[in-house]
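Next come the chains, spelled out residue by residue.
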Amino acid sequence: MLNEEAFVAFGFLLLVGLFAYLGVHTMMAGALDKRGERIKADLDEAKRLRDEAEAVLASFAQRLKDAEVEAANVVAQAHAEAERLGKEAASRLAEFVARRTKQAQDKIATAEAQAMADVRAAAADAATKAAAVVLADKSKGEFGDRLVEKGIEDVKSLLH
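Caption draft 1: Looking closely at the confidence of the model for the protein. In this model, the protein carries an average pLDDT of 87, and 89% of its residues clear a pLDDT of 70 or more. Across the protein, the secondary-structure element scoring lowest on mean pLDDT is helix H3 (residues 141-159), at 72, and the one scoring highest is helix H1 (residues 4-22), at 91.

Caption draft 2: Structural detail: H1. Helix length check: H1 (19 residues) gives 27 Å between terminal C-alpha atoms against 27 Å at 1.5 Å per residue, within 8%. Across the 19 residues that make up H1, only a small minority, zero, are buried. Immediately beyond the C-terminal end of H1, within one or two residues, lies Gly23, with a positive phi of roughly 80°.

Caption draft 3: Summary view of the pattern of salt bridges. What the rule picks out here adds up to ten salt bridges. When the shortest N-O distance is used, the salt bridge between Arg50 and Glu54 registers 3.3 Å. Here Glu54 and Arg50 lie together in helix H2 (residues 24-138), a separation of four residues that amounts to about one turn. A relative accessible area of 41% means that Glu54 is categorised as partly exposed.

Thresholds, definitions, all that
For every chain, the first residue of the written sequence is number 1, and numbering continues from 1 along that sequence. Given that the model is predicted, a residue must reach a pLDDT of at least 70 before its local features are reported, and side-chain atom pairs must reach 80 or more before they are shown or counted; all residues, however, enter totals for whole chains, interfaces and linings. For the side-chain quantities, the full set of heavy atoms in the structure was used; hydrogens and water were omitted. One number per residue, pLDDT, summarises how confident the predictor is, and it ranges from 0 to 100. Strands here are runs of E lasting at least two residues and helices are runs of H or I lasting at least four, both read from the DSSP assignment and numbered beginning at the N terminus. For a helix, the expected span equals 1.5 Å multiplied by the residue count minus one. Per-residue accessibility, obtained with a 1.4 Å probe over protein chains only, is compared with the maximum for each type, and a residue is labelled buried under 20%, exposed over 50%, and partly exposed between these values. For this document, the term salt bridge refers to a Lys or Arg side-chain nitrogen within 4 Å of an Asp or Glu carboxyl oxygen.

Printed below as a string of structure tokens:
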């Protein structure tokens, strides 16, 4: 009558009936639904996080572009400033050289004028002495002495 297979089948049906009576199938379905909802929520959260990450990445990419543009502007300004400073330095150097050249020329002109004055004075003194010697030989006596003195005074006044 009841063999082992029938006994196992009867036990299985009894277990399935007990599970149905206790609502195990609804609990399992509920657990699976909750798990599906949790997975869906996790997927939605992952999508939201991915969208945020893409937005942050786009923001950083824009910041990078802005930083590169700003760096290029800074480099361009630095080149312009360096060029301006170079031109200014060259201009100052040219002014300095011109000023030093003018000073040297002024010193040379002053030295030439002093040398000319010294030469004139020496020539006047030599001419005066030569005239004194010549006149002293030619004119003798009191008149000659007066004449020599007057001539010397005239020559001195003319040359100085």
